[in-house]
Amino acid sequence: MKHYEYDVVIVGLGPAGASLAFMLRNSGLRVAGIDWVGADKVWGKPCGDAISASHFDRNGLPHPSGDALMQVVNGALVYSPSEEGVIRLAGQSAGYMIDRNKYGLMLLREASKAGVDVYLKTRASHPVIEGGRLAGVRATSEELGEVEFRAKVVVDATGSGGAIRRKLPESWPTRESSPETDFVVAYRKIVELDYDIEEPDFIRLYFNVDIAPGGYWWLFPKGRRVANIGLGVQLGRGFPHPATIYREVLMKRPDVGREVRVINEAGARIPTRRPSKTMVWDGFISIGDSAYTVDPIHGGGMGYAMTAARHAADTLVEAFTNGDLTAKGLWGLNLRYMRTTGAKQAALDVLRMFLQTLTNDEIEWAIRKGLAGIDEIMSVFGEGELRTTPSFMEKVNFIVRLLGKPILLTKLVLVSEYMRRAKKLYLEYPEDPKGLDEWAGRVESLYNEYRKAVGIPF
Ligand SMILES: Cc1cc2nc3c(=O)[nH]c(=O)nc-3n(C[C@H](O)[C@H](O)[C@H](O)COP(=O)(O)OP(=O)(O)OC[C@H]3O[C@@H](n4cnc5c(N)ncnc54)[C@H](O)[C@@H]3O)c2cc1C
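Residues numbered from 1 in each chain as written. Predicted model: local features only at pLDDT ≥ 70, side-chain atom pairs only at ≥ 80, totals over all residues. Heavy atoms only, no water.

(A) Structural detail: the packing of helix H1 (residues 15–23) against helix H3 (residues 100–113). The contact between H1 and H3 brings their axes to 8 Å, and the two run at 30 degrees. With respect to H3, the element H1 is oriented roughly parallel. The chirality of how H1 crosses H3 is left-handed. Across the interface between the two elements, Pro 15, Ala 18, Ser 19, Ala 21 and Phe 22 of H1 pack against Arg 100, Leu 107, Leu 108, Glu 110 and Ala 111 of H3. Each residue belonging to the contact of H1 with H3 can be placed in one class, and the counts come to 7 nonpolar, 1 polar and 2 charged. (Axes fitted to C-alpha atoms, helices over the stretch in contact; angles between N-to-C directions. Helix = DSSP H or I, 4+ residues; strand = E, 2+ residues; numbered from the N terminus. Parallel < 35°, antiparallel > 145°, perpendicular 65-115°, else oblique. Left-handed = near helix turned anticlockwise from the far one by under 90°. Contact = heavy atoms within 4.5 Å. Nonpolar A, V, L, I, M, F, W, Y, C, P; charged D, E, K, R; others polar.)

Rendered as structure tokens:
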């Protein structure tokens, strides 16, 4: 068996891992990145391929361009179950439809040029634990055979499977598990259509629990004739697999079924919940889907994988400078992520559970009444708070519109209150690992109390 020594070994080179490799390229650390796929499948996990432009600026990553940029997104159309209620959200160059493989390869090429060692077709099998400490990972490489990558810090960026995290000692808090209902399974096709898509710069989201229970279905144009079409369905509730729904329901629609060619089709799980209670432990970091950093409402995870990577990069440089690679030395990642992003995601997780209980009738009503109007949507997506009381007049308006659904009003007030409490709790994230158990207990109690109060099944 071969042995290689690094400061940092990143397992998984999707949006989280490749971004981290890119961000650490000039750090002076000896960094390796490994992924079981070959170059043609880099960033190959199925995805809707839509990403907000702000993620690139915020995380110091190059905006997609050339072949990696397939369509500039100037807005979104949100449809009610009958599709007669439509909310139009416009935002000039708000986002992109990308070619994930081309963008991911560009990041890896830049990282590699600057000295990061990239090992593709290399599958990590398990962590190496010595004397209770994480010392690296074992892997099998098509080219090199069995390899032990020894590392001072191992980063799990393997996506929702958490290939390394799941195999760490049971006593480590990073082993946190999650109920099935905290995930959706999503399936999508990239297809060439036989008609011109109107307004290809607008992505479309359709809310209809008869088609996509606990999620939504989408049609995201990648130019006039190519689209990424798919749906996400909540797991753990006995709903049919989204591939079946696609075949039996969506294919009957003229806008979906008129495909000339299927370019790619696949499905995968998405964690749609609050972030892991800790993203670090001794010599260990997890980022991206492995650490549940996806937006709980729309299931977009690329941008937050990049955010987690950026905070991980800053934390790693700090920890190596201080010579402390224990949980305490790496704790800065938790503090940075929870305060800037995790607190908002914790609040959105509260909202997500509520939205998954709504009937088509309630969604129809809310969208038609303009309840889920631009302000509400923007504030929900932007701030992680349901802004029910921005001003007196808006409050009066909001309540008058809700008079038709008093039960919904009562529930919304409760949801809003728990969103605020969840956000506050995440902003009070413990300063060091000693406070983790007590804090995690408070989080658990808050979400259990919320489920009971609003009537969300466990
Ligand atoms: C159908 C669908 C649609 C989606 N739509 C969107 C969208 O439009 N916009 C958006 O932002 N997000 C979307 N998401 C979510 C998004 O795809 C993920 O959040 C994002 O890819 C997470 O990045 P990641 O790097 O954490 O994980 P991944 O993309 O899963 O990458 C993990 C990498 O680890 C590698 N790996 C795994 N195990 C091992 C191992 N043992 N050894 C070596 N390598 C390993 C894999 O090959 C892979 O390259 C969607 C997801 C799905 C399933």
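(B) View of unusual backbone geometry. Notably, Asp 49 is not glycine yet its phi reads approximately 70 degrees, a positive angle. Tracing the sequence through the fold places Asp 49 in the loop between strand E2 (31–34) and strand E3 (50–52). One non-glycine residue, Glu 83, lies in the positive phi region at around 70 degrees. Structurally, Glu 83 is set in the loop between strand E4 (69–79) and strand E5 (86–98). Judged by relative accessible area, Glu 83 falls into the partly exposed class, the value being 26%. (Buried < 20%, exposed > 50% of the residue type's maximum accessible area, 1.4 Å probe, protein only.)

(C) Broad picture of the site of the ligand. Near the ligand lie 36 residues; those nearest to it are Ala 16, Asp 35, Gly 48, Ala 50 and Asp 289. Within the backbone of Ala 50, an N or O atom sits 2.7 Å from a nitrogen atom of the ligand. One of the side-chain N or O atoms of Arg 100 is found 3.0 Å from an oxygen atom in the ligand. Compared with its free state, where it exposes 1000 Å², the ligand has 94% of that area covered by protein. (Near = heavy atom within 4 Å. Polar contact = N/O pair within 3.5 Å; in protein donor to acceptor, adjacent residues only side chain to side chain. Areas by Shrake-Rupley, 256 points an atom, 1.4 Å probe, with all protein chains shown as cover.)

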